[in-house]
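Secondary and tertiary structure notes
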Amino acid sequence: MSEALTAESVPPPAPGAVDYLALDFVNTAIALPGGHFIDLLGTPEGTNRWLAERGLAPADAGVQEMCATQLRSLREHLRALFAARVAGLPALPAALSAVNDALSRAPTAALLYWDEKNGPYRAAPCPTNEILDRALATLAANTADLLTGPDAERLTGCGSTPCNRYLLRHGRRHWCSTRCGDRARAARAYARRTQPKAD
């Protein structure tokens, strides 16, 4: 799919994606009408761009395919956890294992440093070779926060076929975007018009 088509076709962030990076992350694989599919992490360049736009990697990190593959793998595990939560089913052990592995990859505590001019400060160390581990750990921690926090009850899948995105439900709204809501309403209206009339 061309970059221009991708930019035009990507829906706006789903409700809750601004508050939860994990929700934004699982929604990087987007099913569109007509059998189209957009993967914002489909290439190393796209993955690097997505990470950089969210402060998870420098713009010049030079993400390689191996790193992009690891992120896509974590995304699928997170999608499995979201699907289990929404359906009220037990989580797949492999998905839980993947999240816990990602959580243990990077230290979460900011260490104490001392700058000769400005004195003491705290920062989390992140050498270049740890960028991926830190991104995976951040995404896994955010997922754990969402799934164990008060917003977990509002987690749902978009109610418009073929959309595969997740969102945090607000009131009765259960679509990830206006576009999906319009598509669902149009499908319902069409179904009502084409149903045979009962005598």
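Residues numbered from 1 in each chain as written. Predicted model: local features only at pLDDT ≥ 70, side-chain atom pairs only at ≥ 80, totals over all residues. Heavy atoms only, no water.

**Some thoughts on a nonpolar patch on the surface**
Residues L111, Y113 and Y121 make up a contiguous nonpolar surface patch of about 270 Å² in total accessible area. Within the fold, Y121 resides in strand β4 (residues 119–123). Judged by its relative accessible area of 40%, Y121 is partly exposed. (Patch = residues over 30% accessible without salt bridge, like charges linked within 9 Å, V, L, I, M, F, W, Y side chains within 5 Å. Areas by Shrake-Rupley, 256 points an atom, 1.4 Å probe, with all protein chains shown as cover. Salt bridge = Lys/Arg side-chain N within 4 Å of Asp/Glu carboxyl O. Helix = DSSP H or I, 4+ residues; strand = E, 2+ residues; numbered from the N terminus. Buried < 20%, exposed > 50% of the residue type's maximum accessible area, 1.4 Å probe, protein only.)

**Considering the pattern of salt bridges**
One pass over the structure, following the stated rule, counts nine salt bridges. D24 is paired through a salt bridge with R54; the nearest N and O atoms lie 2.5 Å apart. Linking D24 in helix α2 (residues 21–26) with R54 in the loop between α3 (44–53) and α4 (65–87), this pair joins segments that are 30 residues apart in sequence. Accessibility expressed as a relative area gives 28% for R54, which makes it partly exposed. The shortest N-O distance in the salt bridge between E65 and R72 comes to 2.3 Å. Since its relative accessible area comes to 36%, E65 is described here as partly exposed. Here the salt bridges share partners, and the residues they tie into one network are D24, E53 and R54.

**Remarks on the packing of aromatic side chains**
Scanning the model with the defined rule gives two aromatic pairs in all. Centre to centre, the rings of F82 and Y166 are 5.5 Å apart; their planes meet at 85°, and the pair counts as edge-to-face. In this pair, F82 is assigned in helix α4 and Y166 in strand β6 (residues 166–168), connecting sequence segments 84 residues apart. (Phe/Tyr/Trp six-rings, centres within 6.5 Å; stacked < 30°, edge-to-face > 60°.)

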